[in-house]
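# Architecture and fold: a report
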Amino acid sequence: MSPTIRSLVIPVRDLDAAKSIYIALLGAPHTDQPYYVGFNVDGFEVALAPDDPTGGPVAFADVENLDATRTALLAAGATERSAPRQVAPGARVCVLADADGNPIGLRGQ
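Residues numbered from 1 in each chain as written. Predicted model: local features only at pLDDT ≥ 70, side-chain atom pairs only at ≥ 80, totals over all residues. Heavy atoms only, no water.

### Here's the deal with the pairing of strand β1 (residues 4-12)
As a reminder, the rule being used: By this definition, two strands are paired if DSSP reports at least two bridges between them. Secondary structure counts use DSSP, requiring at least four H or I residues in a row for a helix and at least two E residues in a row for a strand, with both numbered from the N terminus.
Pairing analysis gives five bridges linking β1 to strand β5 (residues 58-62), with the strands arranged antiparallel. The residue bridging S7 from the neighbouring strand is F60, located in β5. In the sheet, β1 pairs with strand β4 (residues 44-50) via six bridges, with the strands oriented parallel. Across the sheet, V9 pairs through a bridge with A47, a residue of β4.

What follows is the structure, given as structure tokens:
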């Protein structure tokens, strides 16, 4: 199975200000919490994350095995921005960077 990019996480400093703008653009969020605001855009997740340390918007690729994919990318020269962490039951994420510092998000088990 090939990785599929299904989400974009946008770090924000002022969640309420950002939320107002994205609600005007995308409509009501399906999740509205102090740590995460998520919008469904035709099956694609657009999320706002306050104080996210990843350094910019990150597209997340859904992968079958997060640890194996992470190991392969690190062996190929990627560097780690944020270690794998649990974000929901059965879902973990991490962020790596390519050789130019561009973020690569992974989401899987």
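### Points about the pattern of salt bridges
Note the following rule: What makes a salt bridge here is a side-chain nitrogen of Lys or Arg within 4 Å of a carboxyl oxygen of Asp or Glu, nothing more. Think of it in three bands: with a 1.4 Å probe and only protein chains considered, a residue is buried below 20% of the maximum accessible area for its type, exposed above 50%, and partly exposed in between.
Inspection of the entire model under this criterion finds six salt bridges. For R6, the salt bridge is made with D62, and the minimal N-O distance between the two is 3.1 Å. With R6 in strand β1 and D62 in strand β5, this pair connects stretches of sequence that are 56 residues apart. Look at R6 and you get partly exposed, because its relative accessible area is 38%. Between E80 and R70 there is a salt bridge, with its nearest N and O atoms 2.6 Å apart. Of this pair, E80 sits in strand β6 (residues 79-88) while R70 sits in helix α2 (residues 66-75), and the two are 10 residues apart along the sequence.

### A few points about the environment of N102
For the record, the criterion: Residues are treated as being in contact if the distance between any of their heavy atoms lies within 4.5 Å.
The residue N102 is located in the loop between β7 (91-97) and β8 (103-108) in this model. Remark: the alpha-carbon pair of N102 and A18, spanning 84 residues in sequence, is separated by 23 Å. Excluding its chain neighbours within four sequence positions, the residues that come into contact with N102 are R81, L96 and A97.

### Here's the deal with the confidence of the model for the protein
To keep things clear, this is the line we draw: Note on scores: pLDDT gives the predictor's confidence for each residue, bounded by 0 and 100.
Looking at the protein, pLDDT values average 93 and 95% of them are 70 or higher. Highest mean pLDDT in the protein belongs to α2 (97); lowest belongs to β1 (93).

### Points about the environment of V37
Within the fold, V37 resides in strand β3 (residues 36-41). Placed 19 residues apart in sequence, V37 and A18 show a C-alpha to C-alpha distance of 9.8 Å. Filtering out sequence-adjacent residues up to four positions away, V37 remains in contact with L15, K19, P29, T31, D32, V46, A47 and L48.

### Brief notes about the layout of surface pockets
Short version of the rule: We place a 1 Å grid over just the protein atoms. Points where a 1.4 Å probe fits but has no way out form a cavity, open points with protein on both sides within 12 Å along at least 5 of 7 lines form a pocket, and any residue with an atom within 4 Å of a point lines it. Grid points are joined across faces, edges and corners, and a volume is the space filled by probe spheres set on the points. We call Asp, Glu, Lys and Arg charged. Ala, Val, Leu, Ile, Met, Phe, Trp, Tyr, Cys and Pro are nonpolar, and the rest, Gly among them, are polar.
By volume, the largest pocket is sized at about 500 Å³. Those elements that provide at least two residues to the lining of the largest pocket are β1, β4, β6 and β7. Considering each element in turn, the lining of the largest pocket owes the most residues, four residues, to β6. Partitioning the lining of the largest pocket into residue classes produces 10 nonpolar, four polar and four charged.

### Focus on the nonpolar core
Note the following rule: We call a set of buried residues a nonpolar core when its members are Ala, Val, Leu, Ile, Met, Phe, Trp, Tyr or Cys and they connect through side-chain atoms within 4.5 Å of each other.
One finds I10, V12, L15, A18, V37, F39, V46 and L48 forming the largest nonpolar core, which totals eight residues. Residue assignment for this core shows that the elements contributing at least two residues are β1, α1 (15-26), β3 and β4. Once you skip the residues sitting within four places of it in the chain, L15 turns out to touch Q33, P34, V37, L48 and P50. Ranked by size, the runner-up nonpolar core spans seven residues in total, among them V9, A49, V58 and V95.

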